[in-house]
Amino acid sequence: ILVQKVSLPPWHNYEKKEGSYIDLAEKAAEDLAHQFVADIGPILENIDTLLIGEQRKSFFFGRRLGLEIDDPKQFIDACLNCVRRMEFKNVNLSVLCGFFAGIQNRFPDVVITTLNNLAADPQLGYFVIDLTRAIKPKKEDLERVINSVRSNIERLRPFAYGSILEELPEEDIECSCE
């Protein structure tokens, strides 16, 4: 069901009368996440399905799960433990990025602690950038990212796209880059 509703659902949009569209596949993924909030065991047993290859709606699934879950640590630990066993070239962290986007306001300490631990982890530190891009980064988040890529500054390129840093004051960005 995770593959059918989250990883590789068919593209399915519905046009409303006024011309806007509703992504029915996105809604189905979010609804499925809501169903699993009370018992995430079946998700954890199949977490690798959500962390590898193409993931069309996993961000939305992860975000909804993060918005509603009461204990985010179990999901984060399961994802990161699974990633440790995978070939990094196949890893897709969209579900965990969505999850971070969902928990950032209710569990900021969990997000900060996880990002700090990842930045210090020689095996998983590479993923700090992707996960930081999923939240609304603050000055200390940007500093963590910059410190983790000092030897390869080109890895900061993903921050040039979208509006990731739009809410961060310009002086915080300048300070972080000195």
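Positions within a chain are numbered from 1, following the residues in the order the chain's sequence is written. Given that the model is predicted, a residue must reach a pLDDT of at least 70 before its local features are reported, and side-chain atom pairs must reach 80 or more before they are shown or counted; all residues, however, enter totals for whole chains, interfaces and linings. Calculated side-chain values reflect all of the structure's heavy atoms, with hydrogen atoms and water omitted.

Q: Outline the overall build of the protein chain, supporting the account with residue identities and numerical values.
A: A run of DSSP states H or I qualifies as a helix once it reaches four residues; a run of E qualifies as a strand once it reaches two. Both are numbered from the N-terminal end. Each helix and strand in the protein chain was counted, giving 10 helices and 2 strands. When its helices and strands are written in sequence order, the protein chain yields α-β-β-α-α-α-α-α-α-α-α-α. For every residue, the accessible area (1.4 Å probe, protein chains only) is compared with the maximum for its type, and the residue is labelled buried under 20%, exposed over 50%, or partly exposed between those bounds. In the protein chain, which comprises 178 residues, the proportion classed as buried is 43%. Counting contacts in the protein chain only where the partners sit at least 6 residues apart, residues at least 24 apart contribute 71% of the total. Working note: accessible area of the protein chain is about 9,900 Å², and carbon and sulfur atoms make up 49% of it. What makes two residues a contact is simply this: any of their non-hydrogen atoms within 4.5 Å. Reported accessibility uses the Shrake-Rupley method at a 1.4 Å probe radius. Residues are deemed covered only where the shown protein chains occlude them.

Q: Outline the packing of aromatic side chains, supporting the account with residue identities and numerical values.
A: Only centres within 6.5 Å qualify two rings of Phe, Tyr or Trp (six-membered ring in Trp) as a pair; their planes then separate them into stacked at under 30 degrees, edge-to-face at over 60, and tilted for everything else. Within the structure shown, the criterion is met by 4 aromatic pairs. Geometrically, the ring pair formed by Phe59 and Phe60 is edge-to-face, given 5.9 Å between the ring centres and 85° between the ring planes. Taking the relative accessible area as the measure of exposure, Phe59 reaches 27% and is therefore partly exposed. Note on Phe75 and Phe99: the rings are 4.5 Å apart at their centroids and 40° apart in plane angle, and the pair reads as tilted. Taken together, the positions of Phe75 in helix H5 (residues 72-84) and Phe99 in helix H6 (residues 94-103) put the pair 24 residues apart, joining distant regions of the chain. For the residue pair Phe75 and Phe99, the accessibility class agrees, reading buried in each case. Counting every residue linked through ring pairs, the aromatic cluster contains Phe88, Tyr126 and Phe127.

Q: So what about the nonpolar core? Which residues, and what values?
A: Only buried residues count toward a nonpolar core, which is a set of Ala, Val, Leu, Ile, Met, Phe, Trp, Tyr and Cys residues joined through side-chain atoms within 4.5 Å. Ranked by internal contacts, the top residues of the largest apolar core, which has 45 residues, are Ile43, Leu51, Phe61, Leu65, Phe75, Leu93 and Leu96. For this core, the secondary-structure elements that each account for two or more residues are helix H1 (2-7), helix H2 (24-36), helix H3 (41-45), helix H4 (58-68), H5, H6, helix H7 (108-119) and helix H8 (128-134). Residue contributions to this core peak at 7 residues, all from H5. Filtering out sequence-adjacent residues up to four positions away, Leu65 remains in contact with Ala33, Val37, Ile40, Ile43, Phe75 and Phe99.

Q: How would you sum up the environment of Ile43? Please name residues and give values.
A: Along the polypeptide, Ile43 turns up in helix H3. Its relative accessible area of 0% is what places Ile43 among the buried residues. Once the C-alpha coordinates of Ile43 and Ala78 are considered, the two residues, 35 residues apart in sequence, prove to be 9.6 Å apart. Here Ile43 is in contact with Phe36, Leu50, Phe61, Leu65 and Phe75, once residues within four sequence places are set aside.

Q: Can you lay out the packing of H5 against H6 for me, pointing to particular residues and giving the numbers?
A: Contact pair H5 / H6: the axes reach a minimum separation of 11 Å and the direction vectors enclose 160°. Of the possible angle classes, the one that applies to H5 and H6 is roughly antiparallel. Crossing geometry of H5 relative to H6 is assigned as left-handed. For the pair H5 and H6, the contacting residues are Pro72, Phe75, Ile76, Cys79 and Leu80 in the first and Val95, Leu96, Phe99, Phe100 and Ile103 in the second. When grouped by side-chain class, the residues that make up the contact of H5 with H6 number 10 nonpolar, no polar and no charged. Working convention: axes come from line fits to C-alpha atoms, limited for helices to the stretch in contact. Angles between N-to-C directions cover 0 to 180 degrees. Should an angle fall under 35 degrees it is called roughly parallel, over 145 degrees roughly antiparallel, and 65 to 115 degrees roughly perpendicular, with every other angle called oblique. Put simply, a crossing is left-handed when the front helix is turned counterclockwise from the back one by less than a right angle, and right-handed when it is turned clockwise. Under the grouping applied here, Gly and all other residues not named as nonpolar or charged are polar, the nonpolar ones being Ala, Val, Leu, Ile, Met, Phe, Trp, Tyr, Cys and Pro and the charged ones Asp, Glu, Lys and Arg.

Q: Describe the pattern of salt bridges, and please don't skip the residues or the numbers.
A: Counted as salt bridges are all cases of a side-chain nitrogen of Lys or Arg within 4 Å of a carboxyl oxygen of Asp or Glu. Following the criterion strictly, the structure yields 10 salt bridges and no others. Here Glu68 and Arg64 are joined by a salt bridge, their closest N and O atoms 2.2 Å apart. Taken together, the residues span about one helical turn, with Glu68 and Arg64 both in helix H4 at a distance of 4 residues. Residue classification places Glu68 among the partly exposed residues on the basis of a relative accessible area of 23%. Salt-bridge contacts for Asp141 lead to Arg144; the nearest nitrogen and oxygen are separated by 3.1 Å.

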